[in-house]
Amino acid sequence: MHIIDFIIFLIFTVGTVIFGCSFFKKDATEEDYTTAGRNLPSWLVGMSILATFVSSISYIGYPGKAFASDWNAFVFCLSIPIATVIASRWFVPFYRNSNSISAYAFLEERFGRWARLYASACYLLTQIARIGSILYLLAVPMYILMGWNIHLVILLTGIAIIIYSMMGGIKAVIWTDALQGFLLIGGALLCVFVILWKLPNGLSSVIDIAVNAPQGNKFSLGSFSGDITTSTFWVCLIYGIFINLQNYGIDQNYVQRYHTARTLHEAQRSVWVGGWLLIPVSALFFLIGTLLYAYYQTYPAQMSDVLLAKPDYVFPYFIVNQLPIGLRGLLISAIFAAGMSTVATSITSSATIFLTDWWTPYYNNARARKSPIRVLRTSSIIIGIIGVGVAIAMLSTKSIIDAWWQLSSVFSGGMLGLFLLAMLSRSTRSRHALIATLVGVIVIAWVTLAEPLNLPFVHPHPYLAIVLGTTAIFVVGFGLTILTSKKKKDKIGDDLEKKQ
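Quick summary incoming for the structure in this document. (Residues numbered from 1 in each chain as written. Predicted model: local features only at pLDDT ≥ 70, side-chain atom pairs only at ≥ 80, totals over all residues. Heavy atoms only, no water.)

## Topic: the pattern of salt bridges
Here's step 1: Under the defined criterion, the tally for this structure stands at seven salt bridges.
Here's step 2: We note a salt bridge from Arg38 to Glu31, for which the minimum N-O separation is 2.8 Å.
Here's step 3: Assessed through its relative accessible area of 36%, Glu31 is described here as partly exposed.
Here's step 4: Note that Asp177 and Arg257 form a salt bridge whose closest N and O atoms lie 2.9 Å from each other. A residue pair is termed long-range when its members are at least 10 positions apart, and Asp177 in helix H9 (residues 150-198) and Arg257 in helix H12 (residues 252-260) qualify at 80 residues. (Salt bridge = Lys/Arg side-chain N within 4 Å of Asp/Glu carboxyl O. Buried < 20%, exposed > 50% of the residue type's maximum accessible area, 1.4 Å probe, protein only. Helix = DSSP H or I, 4+ residues; strand = E, 2+ residues; numbered from the N terminus.)

What follows is the structure in structure tokens.
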């Protein structure tokens, strides 16, 4: 790494930490830490939503996926408009009118304490897996660039992010998110222009190479067959609809941002800004992967064997070996921007859930009420450290996209079903929801373990764990509600006949 690149990277990273820490207030309240005083503009919150979504998983994982296969994973992003329409119309007003910053307080009101604890536990597990995935991807460029010990890079990066997210709270996270969002988009656009400039005949050669690739059209969105055992177009689309409804409907990362906007209208607008920007930005990263495939097909001598085993390395490898001095440092900074924003968000929102759902209900004494900021900052440190451990455990993963999607599908598979049951079936009782949730967990476990353990019957694709788990919870819960209501009506009818 040239000294100029290193200086650019260092200025950005240290500057981000200092900027985030500048929001530190010694006399900060719980409201300051969790909602930023509810006074942020829509464009800022929208850019924060975008930056949270576009993590290092997108910046490195999407190009790696397109390079190794095709654009099948992009189908996930095509479900975003459905989620944004539903979120702006129903979810945002619902949460803005609620009395709690926690996304899971509503579940306690409907089904009792167990429902809130179940959903918040699933959320915390999902965020820890997310933190680990992203910290791993943040370390990859520095490992390739400088040969640094990847374990040490993960540790130091984790500490830096923990410091500013812990000190500045959600306001620091949102402001740094927005600035990092502009950097990551600009960096990706610059990289597209550089690759096209290096290729003879530019875009036309890319299209010719990609369409006629030996393994099939690199622009393909996947098979349109009804096969549920592989990652077809329909499997990815359905998975995307369920995951994005969950993101916008019950993910604390998003729900907490709804509370930071000045008004309901600005909160709704922020959803549109973040959601609709995501589609072209995600397409940009898949395009980079296809461009890199064409580039290394054109210049095979420049390709390393390691890229075949680790496609996630392809974008950092190109940055290191092909970009000019200065731009290389900017792109590495952009990758860090993508990851730091998402990790900081996960840490802050997880700390908020720990305080509201796990600490306050059980330590609701005078001393506990006086120290919510201390609890928020301490839990931020603990959650960040656990995430660092998960990142180190992920070093043996071949495709981080596959690993992250499978983990998120498993850990969060039951949350959306329980939430939809609570909202759409007002007659469902706690016992119905509990039985339905247990059934959903069993379905999720079966989908997850069917292939590894060679269980009987069809082996659905692991992405469908959230789809089938959510469906099972809603159908079973709603079915039990109807069955119970029918029995009650029959009993009332029998009683009336006896009296007559």
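## Observations concerning helix H10 (residues 203-211)
Here's step 1: Of all the positions in H10, only Ser205, Val206 and Ala210 are classed as buried. Taken down its axis, H10 places every buried residue within 125 degrees of arc, on the same side. (Arc of directions from axis to C-beta.)

## Some words on the packing of aromatic side chains
Here's step 1: Considering all chains together, one arrives at 28 aromatic pairs under this definition.
Here's step 2: With a centroid separation of 5.5 Å and 70 degrees between ring planes, the pair formed by Trp71 and Phe74 is classed as edge-to-face. The pair Trp71 / Phe74 is uniform in exposure class, with both members buried.
Here's step 3: For the ring pair Tyr248 and Tyr254, a centre distance of 5.0 Å and an interplane angle of 50 degrees mean the geometry is tilted.
Here's step 4: In this structure Tyr248 comes out as buried when scored by relative accessible area, which is 0%.
Here's step 5: Judged by relative accessible area, Tyr254 falls into the buried class, the value being 4%.
Here's step 6: Of the aromatic side chains, those joined through ring pairs into one cluster are Phe67, Tyr293, Tyr295, Tyr296, Tyr299, Tyr317 and Phe318. (Phe/Tyr/Trp six-rings, centres within 6.5 Å; stacked < 30°, edge-to-face > 60°.)

## A closer look at the side chain of Thr437
Here's step 1: Note that Thr437 resides in helix H21 (residues 430-449).
Here's step 2: Overall, Thr437 belongs to the buried group, its relative accessible area being 4%.
Here's step 3: Within the local environment of Thr437, its side chain forms a polar contact with the backbone oxygen of Ala433, the two atoms lying 2.7 Å apart.
Here's step 4: Other than its neighbours up to four places away in sequence, Thr437 contacts Trp114, Tyr118, Leu418 and Ile473. (Polar contact = N/O pair within 3.5 Å; in protein donor to acceptor, adjacent residues only side chain to side chain. Contact = heavy atoms within 4.5 Å.)

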